[in-house]
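Observations on the model geometry
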Amino acid sequence: MKQVYLRFCVLQAAFWSFFASLPGYITAYMLEQGMDAATLGVLLAVNMGLSFGGSLFWGRWVDRRQGHKKFFLLGVSSALALGVLLFLFAGNTLVLFVLYPLFGFMMGPIATTLDSWVIAVMGRVEAGAKSRTFGTLGFAVTMLLSGQLISRFGYGVMPFLAAAFLAVAILAALAQPEARSLSAGQPENVTALKADPRQLLHARSYLLLVAVVFFTGMAIAPINNMKVLVFEGVGGDVSFLGWDSFIGCLIQAPFLIFSGKLRRIPAALRLTVGAGCALGYAFLVMIARNPGMVMAGTVMTNISFGLLFPTMREITEASVPAALRTTAHSIIDVAYGSVAGMIASAWGGVVMSGAGAVTMSAICMALEAVALVFCGVLVLLVHKRTVRPAVSCKAA
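Below: a short report on this structure. It should be emphasised that the depicted structure is a prediction, and the values quoted were computed from it without experimental measurement.

Definitions and cut-offs
- Residues numbered from 1 in each chain as written.
- Predicted model: local features only at pLDDT ≥ 70, side-chain atom pairs only at ≥ 80, totals over all residues.
- Heavy atoms only, no water.
- Patch = residues over 30% accessible without salt bridge, like charges linked within 9 Å, V, L, I, M, F, W, Y side chains within 5 Å.
- Areas by Shrake-Rupley, 256 points an atom, 1.4 Å probe, with all protein chains shown as cover.
- Salt bridge = Lys/Arg side-chain N within 4 Å of Asp/Glu carboxyl O.
- Lys, Arg positive; Asp, Glu negative; His and termini not counted.
- Charge placed at Lys NZ, Arg CZ, Asp CG, Glu CD.
- Helix = DSSP H or I, 4+ residues; strand = E, 2+ residues; numbered from the N terminus.
- Buried < 20%, exposed > 50% of the residue type's maximum accessible area, 1.4 Å probe, protein only.
- Contact = heavy atoms within 4.5 Å.
- Axes fitted to C-alpha atoms, helices over the stretch in contact; angles between N-to-C directions.
- Parallel < 35°, antiparallel > 145°, perpendicular 65-115°, else oblique.
- Left-handed = near helix turned anticlockwise from the far one by under 90°.
- Nonpolar A, V, L, I, M, F, W, Y, C, P; charged D, E, K, R; others polar.
- Core = buried A, V, L, I, M, F, W, Y, C linked by side-chain atoms within 4.5 Å.

1. Comments concerning a positive patch on the surface
Together, Arg 124, Lys 130, Lys 261 and Arg 264 give the surface a local cluster of positive charge. Along the polypeptide, Arg 124 turns up in the loop between α6 (110–122) and α7 (125–153). Judged by its relative accessible area of 40%, Arg 124 is partly exposed.

The structure is reproduced here in structure tokens:
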């Protein structure tokens, strides 16, 4: 199993390096080709809407068939083809409104499926978080490398880097086993077919988690999507994106590496601290007067993700039936990314164009405050569950 785990680490690194090399800079390239912030906001919203639909559709497909490997290979191949087309037609707004949503439909579910695949094969939530560390480091190094290469040679390096990284990912994926059957002695899809997604509506901790990550996603998505413009507003340029991601991901990595040890801290408390760090991100961007302050905010949001990511996986794995876990993870990820991002991007570009980064960041802070309220409800729910047995014993 050690070799299997190491290949998963290579998979994570290669996939997230692909993400950094092309999707990570494609919106900056669209702006370079003449797209305005408001149009980009609408395009991102449509992209994330299709990413939401794709995550639910493919998540359920994977659960029914235990087809993590099959979808991963299909997804990355489609993402590369669509990504190259996006690069070629980056100056054609009409074509982008067709291609970019399709890209979201196929690209959106890949990361969730990969994380779920690791957990299903290795049998431990910590394995998913620790393997994701390699994805974080790959993303950081490639964002920095791509930023420098783009500054020196232009955006034309993106598709070549993307193809190289995905070739490594595909080769590693072909050598990996498919996820194990959920119930020994039964066909792989029998248990999954019996599961009803409506069961998720009865898992209160899970529903509160969805609310927390949704509002956190709403708070960070506008800033992340408009980061190039944020940097330009304080004297930076596109090259700062690489350093910004590199430094932030280096901060994030230790939290993923030591996620097993951090489980000694109650999950609800980790979730609350993570949401608080996201609030700090919006605040630092709001008061930023130079690129360094924006990067300080990025450090905060990466601490936030380093705490939130393994905690999201842990609460989901503990709260939902095994046959619905990929679907449940997909819902969490689309709540954090696609749905929140779709709504936030729709107004983020308009607010950024009309009122600037300060107003946009202030709205983001208000949204994150709502996430902290749901964190408080989750803390109270967990506390109530903890003290109830003790009270019952005392009464007896």
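Picking up after the structure, the text goes on.
2. Re the side chain of Asn 47
On the secondary structure map, Asn 47 appears in helix α3 (residues 37–65). Other than its neighbours up to four places away in sequence, Asn 47 contacts Tyr 100, Pro 101, Phe 103 and Gly 104.

3. A short note on the pattern of salt bridges
Under the definition given, this model contains 7 salt bridges. As a salt-bridge pair, Arg 132 and Asp 115 come within 2.5 Å of each other at their nearest N and O atoms. Taken as a pair, Arg 132 in helix α7 and Asp 115 in helix α6 lie far apart in primary sequence, 17 residues in all. According to the relative accessible area criterion, Arg 132 is buried, its value standing at 8%. In this structure, Asp 333 engages Arg 313 in a salt bridge whose closest nitrogen and oxygen atoms are separated by 2.9 Å. Of this pair, Asp 333 sits in helix α16 (residues 325–354) while Arg 313 is found in helix α15 (residues 291–319), placing the two residues 20 residues apart along the sequence. Judged by its relative accessible area of 19%, Asp 333 falls in the buried class. What emerges from the salt-bridge pattern is a single network uniting Asp 115, Arg 132, Arg 313 and Asp 333.

4. What about the packing of helix α10 (residues 204–225) against α15?
What describes two packed helices is the angle between their axes and the distance between those same axes. At a minimum axis separation of 10 Å, α10 and α15 run at an interaxial angle of 155°. For the element pair α10 / α15, the angle class is roughly antiparallel. The chirality of how α10 crosses α15 is left-handed. For the pair α10 and α15, contact is made by Ser 205, Tyr 206, Leu 209, Val 213, Thr 216 and Ile 220 and by Thr 301, Leu 308, Met 312, Ile 315, Thr 316 and Ser 319, respectively. A breakdown of the residues in the contact of α10 with α15 according to their chemical character gives 7 nonpolar, 5 polar and no charged.

5. Side note on the nonpolar core
Of all hydrophobic cores here, the largest spans 122 residues; its most connected members are Phe 8, Leu 11, Phe 15, Phe 72 and Met 360. No other element matches α10, which puts 13 residues into this core. Contact partners of Phe 72, with chain neighbours within four places excluded, come to Leu 11, Ile 110, Leu 114, Trp 117, Ala 169 and Ala 173.

6. Quick look at the packing of helix α4 (residues 68–88) against helix α8 (residues 158–174)
Contact geometry of α4 with α8 gives a least axis separation of 10 Å together with a crossing angle of 170°. Considering the angle they form, α4 stands roughly antiparallel to α8. Across from Lys 69, Phe 72, Leu 73, Val 76, Ser 77, Leu 80, Val 84 and Phe 87 in α4, the residues of α8 making contact are Met 158, Pro 159, Ala 162, Ala 163, Leu 166, Ala 169, Ile 170, Ala 173 and Leu 174. Its residues assigned to classes, the contact of α4 with α8 comprises 15 nonpolar, 1 polar and 1 charged.

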